[in-house]
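Chain by chain, the residues:
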Amino acid sequence: MEYELFLFSTYEAEYIAKMLIDSDKTLDFEMKVYEGSRVYIGCNFFSMNIEIEDISDLGFIMDNYGLKVNLCIDFQVYNKTFSTGLMHMLETIGKILSQIQGDILLLSNNSTQVLRREKEVLYVNNIEEFSEFPFNALRIAYKETELM
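Residues numbered from 1 in each chain as written. Predicted model: local features only at pLDDT ≥ 70, side-chain atom pairs only at ≥ 80, totals over all residues. Heavy atoms only, no water.

A.B. asks: Teacher, can you tell me more about the overall build of the protein here?
C.D. replies: Counting its secondary structure elements, the protein contains three helices and nine strands. Going from the N terminus to the C terminus, the protein shows its helices and strands as β-α-β-β-β-α-β-α-β-β-β-β. In terms of overall dimensions, the protein is globule-like: its C-alpha atoms have a radius of gyration of 14 Å, near the 15 Å expected for 148 residues. Here the protein holds 148 residues, and the buried ones make up 47% of them. Look at the contacts in the protein between residues 6 or more apart in sequence, and 52% of them connect residues 24 or more apart. (Helix = DSSP H or I, 4+ residues; strand = E, 2+ residues; numbered from the N terminus. Rg over C-alpha atoms; globule rule 2.2 N^0.38 Å. Buried < 20%, exposed > 50% of the residue type's maximum accessible area, 1.4 Å probe, protein only. Contact = heavy atoms within 4.5 Å.)

Quick look at the structure:
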């Protein structure tokens with residue numbers, strides 16, 4: 001299952017990558033830097049790609065969702081370990097969100113909002129599609145609402 005995390009950060013992509021790796025030492029992350037294009041981070045449950053340049057969706061997100069974002073992290077949760085991978089992905093996202101300020105948007109399959117933080121309030125989508133998501137794994141306060 002694919003997810004895209006859009007966020008605003010004053011940190012460089014490689015620094016964010018190191019924050020992600022340091023967020024959970026038990027996941028045994030592997031990192032590869034592809035000069036000028038992306039940073040890859042992977043473990044047994046999911047992988048992440050941090051786009052470095054030519055992030056075409058940023059303008060769309062800013063225009064259509066009204067959020068100030070400047071970075072995109074693509075997540076791929078592996079099907080064979082989906083439940084565990086989803087929990088670890090949300091734990092990782094929660095740790096990053098507790099370290100950075102600003103707007104965020106997590107989309108599922110490039111369109112459905114899963115998480116959204118604006119004006120320092122984190123919202124999780126409480127529609128049926130996400131009813132089984134372990135949002136408590138974020139370990140930060142959130143409000144449930146229907147996100148369109």
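A.B. asks: Is there a simple way to think about the pattern of salt bridges in this case?
C.D. replies: Close approach of charged atoms lets side chains of opposite charge pair. Under the definition given, this model contains four salt bridges. Ionic pairing is found between Glu118 and Arg116, a salt bridge with its closest N-O pair at 2.8 Å. (Salt bridge = Lys/Arg side-chain N within 4 Å of Asp/Glu carboxyl O.)

A.B. asks: Whenever I open this one, helix H1 (residues 13-22) confuses me. Can you help?
C.D. replies: Residues spaced three or four apart along an α-helix point in a common direction, a consequence of the helix completing one turn every 3.6 residues. Within H1 the residues assigned to the buried category are Ala13, Ile16, Ala17, Met19, Leu20 and Ile21. Buried residues along H1 sit against strand E2 (30-34), strand E3 (38-42), strand E4 (46-51), strand E5 (71-77) and helix H3 (82-99).

A.B. asks: Explanation requested: the pairing of strand E8 (residues 121-125) in the structure shown.
C.D. replies: With four bridges joining them, strand E7 (residues 112-118) and E8 adopt antiparallel strand pairing. Its bridge partner being in E8, Arg117 is matched across the sheet by Leu122. With antiparallel pairing between neighbouring strands as the criterion, E7 and E8 make up a hairpin whose turn holds two residues, including Lys119 at a positive phi of roughly 50°. (Pairing = 2+ DSSP bridges.)

A.B. asks: Looking at this model, I keep getting lost on the sheet that holds E3. Mind explaining?
C.D. replies: Paired through backbone hydrogen bonds, the strands of a sheet run either parallel or antiparallel to each other. The nine strands lie next to each other as E2-E3-E4-E5-E1-E6-E7-E8-E9, forming an open sheet whose pairing is mixed. Strands at the two margins of the open sheet, each flanked by one partner only, are E2 and strand E9 (143-145). Strand-to-strand twist of the sheet, defined as the mean angle between neighbouring strand axes without regard to direction, takes the value 20°. Running over the sheet, H3 touches strand E1 (2-7), E4, E5, strand E6 (104-108), E7 and E8 and is turned about 160° from E5. (Axes fitted to C-alpha atoms, helices over the stretch in contact; angles between N-to-C directions.)

A.B. asks: I keep staring at unusual backbone geometry and nothing clicks. Help me out?
C.D. replies: Among all residues save glycine, negative phi is the norm, and among peptide bonds the norm is trans. One non-glycine residue, Asp28, lies in the positive phi region at around 50°. Among the secondary structure elements, Asp28 is positioned in the loop between H1 and E2. Not every positive phi belongs to a glycine, and Lys119 is a case in point at roughly 50°. Position of Lys119 relative to the elements: it lies in the loop between E7 and E8. Given the relative accessible area of 77%, Lys119 is considered exposed.

A.B. asks: Would you take a moment to explain the environment of Ile61 for this structure?
C.D. replies: With respect to the secondary-structure elements, Ile61 resides in helix H2 (residues 57-65). Setting aside residues no more than four positions away along its own chain, Ile61 makes contact with Phe6, Gly66, Leu67, Val69, Leu105 and Leu107.

A.B. asks: Mind showing me how you'd approach the packing of aromatic side chains here?
C.D. replies: Each aromatic ring pair is summarised here by two numbers: the centre-to-centre distance and the angle between the ring planes. According to the stated counting rule, one finds eight aromatic pairs in the structure shown. For the pair Phe60 and Tyr65, a centre-to-centre distance of 6.4 Å together with 75° between the ring planes defines the contact as edge-to-face. Judged by its relative accessible area of 48%, Phe60 falls in the partly exposed class. On the numbers, 5.7 Å between centres and 35° between planes, the contact of Phe133 with Phe135 is tilted. By the burial criterion, Phe133 is buried, and Phe135 matches it. An aromatic cluster is built from Tyr3, Phe130, Phe133, Phe135 and Tyr142, whose rings are joined through pairwise contacts. The positively charged end of Arg38 is found above the aromatic ring belonging to Tyr34, 4.2 Å away from the centroid. (Phe/Tyr/Trp six-rings, centres within 6.5 Å; stacked < 30°, edge-to-face > 60°. Lys NZ or Arg CZ within 6 Å of the ring centre and 35° of its normal.)

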